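Reading the structure
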Amino acid sequence: GSAAVVLKRSDDAERDGDRVYAVIEGCASAQSKQDSDGLADAVHEAAAAAIAEAEADTSSIGYIELSSPGQSALAEAELLGLSAAYGDTGENHCALGSIKTHIGETFAASGLAGLVRAALCVSQRYIPATPVWNGRASASSASPFYVPAESRPWFSEGIRRASVSGVGPDGAAFNVIVAEPSRSPAANVAETAASGPYVIPVAGADIDELERGLNQL
């Protein structure tokens, strides 16, 4: 697969009137040994460092884009490391998901695909459902994580933030914190109206009439 993003200083983007999907507030990486315990430590280190750089409270992070969903050793290590970084709050406020459950493995493009998805989540203020989940949702019963069974609007009293987690079989771990861009109330209304989605009903007495209706759109 392939993916691309355009990065620009947030001040410059606002000055130029660019449409901003998300603001990168923090990013970090860590390297460990190639065993599950070492990788979990690296995931913890990268996540904690990214959160610290973003100066964000973990309670403000409502979505995490995972690198390795499922039951693999990488998935277990990723979940353990993130649980250590976020702590046991006793409240399930942070959704887990992965673009891989929708489009499959994209190999070299996986990280950017996850970043794009997280940016769209905070921009559109939406938590997407995870249709296929074979692993655990948390490392403990008190974990803040849950797996959304249905897509829903992302309600929040503060700034919406998401985390993108990346792990590799070589023991590398990465983490990026993205936040929704600041908008004026007028810009919120205008952007929501411009971005849709729109419902365009088309009806027909039979398949031929329905096709004619669709062709006339």
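Throughout what follows, the structure given in this document is the object of discussion.

Digging into the environment of alanine 109
As for its position among the elements, alanine 109 is in the loop between helix H4 (100-103) and helix H5 (110-124). The class for alanine 109 is buried, based on a relative accessible area of 6%. Each C-alpha atom, one on alanine 109 and one on serine 2, is 5.1 Å from the other, the two residues being 107 residues apart in sequence. Excluding residues within four positions of it along the chain, alanine 109 makes contact with Gly1, Ser2 and Ala3.

Considering the nonpolar core
Ranked by internal contacts, the top residues of the largest apolar core, which has 26 residues, are Ile64, Leu82, Tyr86 and Phe145. Elements with a minimum of two residues in this core: strand E1 (23-31), helix H2 (36-54), strand E2 (61-65), helix H3 (73-86), strand E3 (94-97) and strand E8 (172-179). Core analysis: the second largest hydrophobic core is formed by 12 residues, Tyr63, Val122, Tyr146 and Val164 among them.

What about H5?
An ideal rise of 1.5 Å per residue puts 21 Å on 15 residues; H5 measures up with 21 Å between its terminal C-alpha atoms. Taken residue by residue, H5 has Ser110, Ala113, Gly114, Leu115, Arg117, Ala118, Ala119, Cys121, Val122 and Ser123 as its buried positions. Note on H5: the residue one or two positions beyond its end, arginine 125, has a positive phi of about 55°.

Re the sheet that holds strand E7 (residues 161-167)
Taken in spatial order, the six strands make up an open sheet running E1-E8-E7-E2-E3-E5, and their pairing is mixed. If you trace the sheet from one side to the other, it starts and ends with E1 and strand E5 (145-146), each paired once. Summarising the sheet, E3 and E5 pair through two bridges and their orientation is parallel. When the sheet's bridge partners are listed, cysteine 94 is paired in E5 with phenylalanine 145. Against the sheet, H3 makes contact with E2, E3, E5, E7 and E8, and its axis sits at roughly 140° relative to E7, the strand it touches most. Relative to the sheet, H5 contacts E2, E3, E7 and E8, its axis offset from that of E7 by approximately 170°.

Points about the packing of aromatic side chains
Pairs of aromatic rings are described using the distance from one ring centre to the other and the angle between the two planes. The final tally for this structure, using the stated rule, is one aromatic pair. Ring centres of tyrosine 86 and phenylalanine 145 lie 5.4 Å apart, and the angle between their planes is 65°; on these two criteria the pair is classed as edge-to-face. Taken together, the residues span a long stretch of sequence, with tyrosine 86 in helix H3 and phenylalanine 145 in strand E5 at a distance of 59 residues. What makes tyrosine 86 buried here is its relative accessible area of 5%.

Section: a nonpolar patch on the surface
On the surface, a nonpolar cluster with roughly 560 Å² of combined accessible area is contributed by Val5, Leu7, Tyr21, Ile24, Leu112, Val116 and Leu120. Looking at which element gives the most residues to the nonpolar patch, the answer is H5, with three residues. Within the secondary structure layout, tyrosine 21 lies in the loop between helix H1 (10-16) and E1.

Focus: H3
If you check H3, its first and last C-alpha atoms are 20 Å apart, about what 14 residues at 1.5 Å a residue would give, namely 20 Å. Those residues of H3 that fall on the buried side of the exposure criterion are Ala75, Ala77, Glu78, Leu79, Gly81, Leu82, Ser83, Ala85 and Tyr86.

Here's the deal with the pattern of salt bridges
Counted under the stated rule, the structure contains 10 salt bridges. A salt bridge links aspartate 12 to arginine 15; its shortest N-O distance comes to 3.3 Å. Of the two residues, aspartate 12 and arginine 15 both sit in helix H1, three residues apart, roughly one turn of that helix. Since its relative accessible area comes to 24%, aspartate 12 is described here as partly exposed. The class for arginine 15 is exposed, based on a relative accessible area of 60%. With a shortest N-O distance of 3.3 Å, glutamate 65 and arginine 117 are connected by a salt bridge. Of this pair, glutamate 65 sits in strand E2 while arginine 117 is found in helix H5, placing the two residues 52 residues apart along the sequence.

Thoughts on unusual backbone geometry
Among all residues save glycine, negative phi is the norm, and among peptide bonds the norm is trans. The residue glutamate 55 is not glycine, and still its phi comes out positive at about 55°. By secondary structure assignment, the location of glutamate 55 is in the loop between H2 and E2. Of note in the backbone geometry, phenylalanine 107 takes a positive phi value of approximately 55° without being a glycine. As for its position among the elements, phenylalanine 107 is in the loop between H4 and H5. Relative accessible area serves as the criterion here: at 66%, phenylalanine 107 is assigned to the exposed category.

Definitions and limits used
Residues numbered from 1 in each chain as written. Predicted model: local features only at pLDDT ≥ 70, side-chain atom pairs only at ≥ 80, totals over all residues. Heavy atoms only, no water. Helix = DSSP H or I, 4+ residues; strand = E, 2+ residues; numbered from the N terminus. Buried < 20%, exposed > 50% of the residue type's maximum accessible area, 1.4 Å probe, protein only. Contact = heavy atoms within 4.5 Å. Core = buried A, V, L, I, M, F, W, Y, C linked by side-chain atoms within 4.5 Å. Expected span 1.5 Å × (residues − 1). Pairing = 2+ DSSP bridges. Axes fitted to C-alpha atoms, helices over the stretch in contact; angles between N-to-C directions. Phe/Tyr/Trp six-rings, centres within 6.5 Å; stacked < 30°, edge-to-face > 60°. Patch = residues over 30% accessible without salt bridge, like charges linked within 9 Å, V, L, I, M, F, W, Y side chains within 5 Å. Areas by Shrake-Rupley, 256 points an atom, 1.4 Å probe, with all protein chains shown as cover. Salt bridge = Lys/Arg side-chain N within 4 Å of Asp/Glu carboxyl O.

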